[in-house]
Amino acid sequence: MKKLILGLFASLFILAASVNPAKAQISVNLNIGNWTPPAEYSDVEYYYLPDVESYYYAPKRQFVYLDGGRWVWRNSLPSRYSSYRIDNGYKVAVNRPRAYTYFETDRVRYAKYKGSNKKMIVRGNSYNAHNKVKYVKVKGNNGNGKGHGGGKGHGKH
């Protein structure tokens, strides 16, 4: 009887070991809209992203970009921008409703920030009577001296 029980346990052990184990799946989705603006920008809904010529809609943490000629809201950017990281590029705070309707203007106005790898937010001049741009240093930015905030403008557009 002992041999029968031991044989049964051995058979169960071999059977259990031969069953395919569950495969762990790791999925990494880059560009996930999980960036949170600094506190001084809590009132801003839209940010223009010159590097990808798209917008970020902060309340829903979504990217807004053209897809086939139509504006779409997605949690991530299309695959052509897979290397883009929202944390690392310029973001222009464009505080106006439906900011994407001003895309052609923003694209030209903020083209000079495209390709810069500085962690900087630029306050767009949507509601600024003096037509100035405000720079705000984002934590971790080595900057170039422009990123001290304080509300002072650094040039006209």
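Let me begin by describing the structure that accompanies this report. Predicted, not measured: the structure shown is a model, and the values here were computed from it.

## Side note on the environment of Asn-34
Looking at the element boundaries, Asn-34 is found in the loop between α1 (2-18) and β1 (46-49). Spatially, the C-alpha atom of Asn-34 lies 9.2 Å from that of Lys-60, the residues being 26 residues apart in sequence. Look past the residues within four positions of Asn-34 in its chain and what remains in contact with it is Tyr-56 and Arg-61.

## Let's talk about the packing of aromatic side chains
The full count for this structure, using the stated rule, is 15 aromatic pairs. With a centroid separation of 4.7 Å and an interplanar angle of 40°, the aromatic rings of Tyr-46 and Tyr-57 are classed as tilted. Remark: Tyr-57 occurs in strand β2 (residues 54-57) and Tyr-46 occurs in strand β1; sequence separation between them is 11 residues. When its relative accessible area of 16% is taken as the criterion, Tyr-57 is described as buried.

## Brief notes about the pairing of β2
Burial along β2 is two-sided: Ser-54 and Tyr-56 and Tyr-55 and Tyr-57, pointing in opposite directions, are all buried. Across four bridges, β1 lies against β2 in antiparallel orientation. From the neighbouring strand, Leu-49 faces β2, where its bridge partner is Ser-54. Taken together, the three bridges between β2 and strand β3 (residues 62-67) define a ladder with antiparallel strand orientation. Each residue of the ladder has a partner; that of Tyr-55, found in β3, is Val-64.

## Digging into the nonpolar core
One broad trend across soluble globular proteins is that nonpolar side chains are buried collectively. One finds Tyr-47, Leu-49, Tyr-56, Phe-63 and Ile-86 to be the most contacted residues of the largest nonpolar core, which totals 16 residues. Secondary-structure elements contributing two or more residues to this core are β1 and β3. Excluding anything up to four places from it in sequence, Tyr-47 contacts Trp-35, Pro-37, Tyr-41, Ser-54, Tyr-55, Tyr-56, Ala-58, Lys-91, Val-92, Ala-93, Val-94 and Ile-121. Membership of the second largest hydrophobic core comes to 15 residues, among which are Tyr-46, Tyr-55, Tyr-57 and Tyr-110.

What counts, and where the lines are drawn
- Residues numbered from 1 in each chain as written.
- Predicted model: local features only at pLDDT ≥ 70, side-chain atom pairs only at ≥ 80, totals over all residues.
- Heavy atoms only, no water.
- Helix = DSSP H or I, 4+ residues; strand = E, 2+ residues; numbered from the N terminus.
- Contact = heavy atoms within 4.5 Å.
- Phe/Tyr/Trp six-rings, centres within 6.5 Å; stacked < 30°, edge-to-face > 60°.
- Buried < 20%, exposed > 50% of the residue type's maximum accessible area, 1.4 Å probe, protein only.
- Pairing = 2+ DSSP bridges.
- Core = buried A, V, L, I, M, F, W, Y, C linked by side-chain atoms within 4.5 Å.

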